[in-house]
Amino acid sequence: MALLPVACGPSGPSANTPGGIGAGANNGAGLGTSDILFSGVLGADAINPNEVTVTWADAVLLPNLGGAISMRYQVFRALDAETAQLDSALVFTTEQGVTSFIDTGLPDNTTLFYRVVALDTDERFSLTAAVASARTPAEYGPGLVAFDTQVLPLWSTPMPGIPATTCLSCHTLPGPGQLDLSTLEGVLAGVGTLQNPNSFVIPYQGEASWAEFLARMSALPTLFQHLPYITDPEGLAAMEEPIKAWIAEGALATPDSAPPVFEFADEELAGTYFGSFVDFDTVSVTFPHAIDPESLPFNGSVAGQLEYAVYAGVDSNSIIWDKPTALITVDLNQAALPTVTGTFDWTLSDSLVVIVRPLDASGRGVPFDLNTYDPETATAQELENFRLRMRNQSSNEREMAIIR
Ligand code: HEC
């Protein structure tokens with residue numbers, strides 16, 4: 001992300017960087033010079049899983065501070081900050097006067113480090129070591145469970161001992177059951193109405209919904225109707241995983257197909273994205289709800305709809321992208337408020353930079369535990385699960401700077 005400019009003279013921090021500066025060290029282009037005043041890369045921001053925008057301010061020539069329109073820029077990119085100092089990391093040289101670059105064809109779920117160097121018309125280059133990083137979100141991937149193809153067929157499970165009878169025999173209205181299992185609306189309304197559902201489905205909560213489902217099926221007096229299923233529960237057991245997975249993704253007709261976005265341009269949201277230390281080692285962050293209309297559940301409540309991955313770093317160049325510092329879920333109380341607030345522990349520094357990325361529920365069925373996940377020791381399977389779990393993140397983002 002954005003980085004404070006590092007002023008860099010011949011004795012500056014880049015002077016000893018291998019391959020970074022010095023005669024002949026810049027792809028054979030002329031000489032490094034401190035006559036070019038250039039603060040280097042200002043920001044690198046992922047705009048989707050495969051593209052990053054890199055920006056910088058004009059470079060000028062000393063002593064007159066002219067020459068901005070004739071300056072060209074070299075963009076270096078690497079997978080770590082050190083390698084971004086090497087000539088071999090050069091990916092692009094701009095036309096004169098251009099101060100941004102969109103890097104395309106990048107791998108998803110990857111942290112990239114950018115360095116920008118100014119070139120004057122004499123092919124002299126600035127001594128610029130400043131690096132900014134960007135994290136591409138994981139490749140978009142919709143949820144996996146569609147109602148019609150994966151849930152509806154479950155209701156045709158025959159009653160043990162009476163194969164001609166299925167759930168739908170009684171639960172297609174009009175029939176003995178009030179619950180209409182034959183349509184998505186019927187399932188979501190339960191024995192109430194869509195406006196006031198009395199359904200076993202608790203959106204996004206697979207486990208709790210499954211417990212509710214079993215409890216309702218075996219509640220008196222309905223138990224009698226269902227007795228053969230309860231005493232020979234194989235058919236019910238086969239329903240568990242698909243029903244839980246469907247509900248964990250939001251109990252949608254078709255899987256959500258677009259990531260959420262923050263509406264930063266909405267003026268009503270001005271001043272709602274901030275953070276502060278609440279005590280010595282606890283940081284609180286507040287941000288507006290992100291928008292994800294495709295996955296709004298039938299009850300209209302955003303409780304549980306999105307999770308917010310919080311990435312933090314000592315400064316914007318050292319944001320820990322390999323693993324969110326916290327995952328914040330919106331509960332019923334917060335769903336009714338205009339903003340979301342969450343806290344996390346922070347002992348690394350007195351000031352920090354935070355970025356919040358909302359993600360929808362399409363990866364929520366993937367096994368992942370933030371508390372035990374360690375990118376350093378993770379197996380290939382755990383790394384892949386992490387990528388799948390973190391997919392469908394927004395990539396329009398802002399930094400918040402927090403000082404103790
Ligand atoms: C012989 C008829 C019959 C069959 C077969 C049957 N049910 Fe029911 N079921 C009922 C009746 C009657 C009720 C009580 C009225 C109601 O709630 O719809 C009921 C209630 C329920 C409820 C509780 C409704 C609520 O929201 O409180 C659920 C859930 C349910 N059934 C699911 C199923 C499933 C799943 C199957 C198939 C595995 C099934 N039923 C098979 C007759 C049947």
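Residues numbered from 1 in each chain as written. Predicted model: local features only at pLDDT ≥ 70, side-chain atom pairs only at ≥ 80, totals over all residues.

Colleague: Got a minute to help me understand the overall build of the chain in this structure?
Modeller: Each helix and strand counted, the chain has eight helices and 20 strands in total. At 27 Å, the chain has a C-alpha radius of gyration far larger than the 22 Å of a compact globule built from 404 residues. Along the longest, intermediate and shortest principal axes, the C-alpha atoms of the chain span 90 × 40 × 35 Å. Looking at the 404 residues of the chain, the share that counts as buried comes to 36%. Taking contacts inside the chain between residues at least 6 apart in sequence as the whole, the part at least 24 apart equals 69%. (Helix = DSSP H or I, 4+ residues; strand = E, 2+ residues; numbered from the N terminus. Rg over C-alpha atoms; globule rule 2.2 N^0.38 Å. Buried ≥ 20, exposed ≤ 12 C-beta atoms within 10 Å, placed from the backbone. Contact = placed C-beta atoms within 7 Å.)

Colleague: Sorry if this is basic, but what is going on with the domain arrangement of the chain here?
Modeller: How big an interface is tends to be stated in terms of accessible area lost as the parts join. The domains assigned to the chain are domain 1 (32–135), domain 2 (147–248) and domain 3 (267–403). Of note, the centres of domain 1 and domain 3, computed from C-alpha atoms alone, are 29 Å apart. Counting residues at the interface gives nine residues for domain 1 and five residues for domain 3. Sorting the residues of the side of domain 1 that touches domain 3 by element identifies strand S3 (41–48) and strand S11 (131–135) as the ones contributing at least two each. A per-class count over the side of domain 1 that touches domain 3 returns four nonpolar, four polar and one charged. (Domains from an automatic or database assignment. Nonpolar A, V, L, I, M, F, W, Y, C, P; charged D, E, K, R; others polar.)

Colleague: Would you take a moment to explain the site of the ligand for this structure?
Modeller: The environment of the ligand is formed by 23 residues, the closest being Cys167, Cys170, Gly177, Gln178 and Gln225. Those elements that provide at least two residues to the shell around the ligand are helix H2 (167–171), helix H4 (206–217) and helix H5 (223–231). With four residues, the single largest contributor to the shell around the ligand is H2. Tallied by class, the residues present in the shell around the ligand amount to ten nonpolar, twelve polar and one charged. (Near = placed C-beta within 6 Å.)

Colleague: Mind showing me how you'd approach H4 here?
Modeller: Owing to its 3.6 residues per turn, the α-helix aligns residues three or four sequence positions apart on the same side. Spanning twelve residues, H4 covers 16 Å between terminal C-alpha atoms, matching the ideal 16 Å at 1.5 Å per step. Along H4, the positions that sit buried rather than exposed are Gly206, Ser209 and Phe213. Looking straight down H4, one finds its buried side chains confined to an arc of 65°; they lie on one side. Those residues of H4 that are exposed and aimed more than 90 degrees away from the buried face are Glu207 and Ala215. Here the buried face of H4 lies against helix H6 (234–248). (Expected span 1.5 Å × (residues − 1). Arc of directions from axis to C-beta.)

Colleague: Where do I start with the nonpolar core in this structure?
Modeller: Where a protein is soluble and globular, its nonpolar side chains tend to be buried together. With 30 residues, the main nonpolar core has Val41, Ala44, Val54, Tyr73, Tyr114, Val116 and Ala118 as its most contacted residues. Breaking this core down by element, the ones donating at least two residues are S3, strand S4 (51–56), strand S6 (72–78), strand S9 (111–119) and S11. Residues Ala309, Ala312, Leu352 and Val356 belong to the second largest nonpolar core, which totals 28 residues. (Core = buried A, V, L, I, M, F, W, Y, C linked by C-beta atoms within 7 Å.)

Colleague: Would you take a moment to explain the packing of H4 against H6 for this structure?
Modeller: Two measures define how a pair of helices packs: the angle their axes make with one another and the distance between the axes. Orientation of H4 relative to H6, taken along the N-to-C sense of each, is 130°, at an axis distance of 8 Å. When the axes of H4 and H6 are compared, the pair comes out oblique. Judged by the twist between their axes, the crossing of H4 over H6 is right-handed. In this structure, H4 contributes Gly206, Glu207, Ser209, Trp210 and Phe213 to the contact, and H6 contributes Glu240, Ile243, Lys244, Ala245, Ile247 and Ala248. Looking at the contact of H4 with H6 residue by residue, the class counts come to six nonpolar, two polar and three charged. (Axes fitted to C-alpha atoms, helices over the stretch in contact; angles between N-to-C directions. Parallel < 35°, antiparallel > 145°, perpendicular 65-115°, else oblique. Left-handed = near helix turned anticlockwise from the far one by under 90°.)

Colleague: Is there a simple way to think about the confidence of the model for the chain in this case?
Modeller: Close inspection of predicted coordinates is inappropriate for parts of the model with low pLDDT. For the chain, the mean per-residue pLDDT works out to 89, and 93% of the residues sit at or above 70. The low-confidence segment residues 1–25 (pLDDT under 50) makes 62 contacts with residues lying over four places distant or belonging to another chain. (pLDDT = per-residue confidence, 0-100.)

Colleague: Honestly, the sheet that holds strand S19 (residues 351–359) in this entry has me stumped. Any pointers?
Modeller: For sheets, the rule is that strands pair by backbone hydrogen bonds, running either parallel or antiparallel. Here we have four strands laid out as an open sheet, ordered S17-S16-S19-S20, and antiparallel in their pairing. Each having just a single partner strand, strand S17 (326–329) and strand S20 (399–403) make up the two edges of the open sheet. Each neighbouring strand pair of the sheet contributes to a mean axis angle of 30°, computed without reference to strand direction. (Pairing = 2+ DSSP bridges.)

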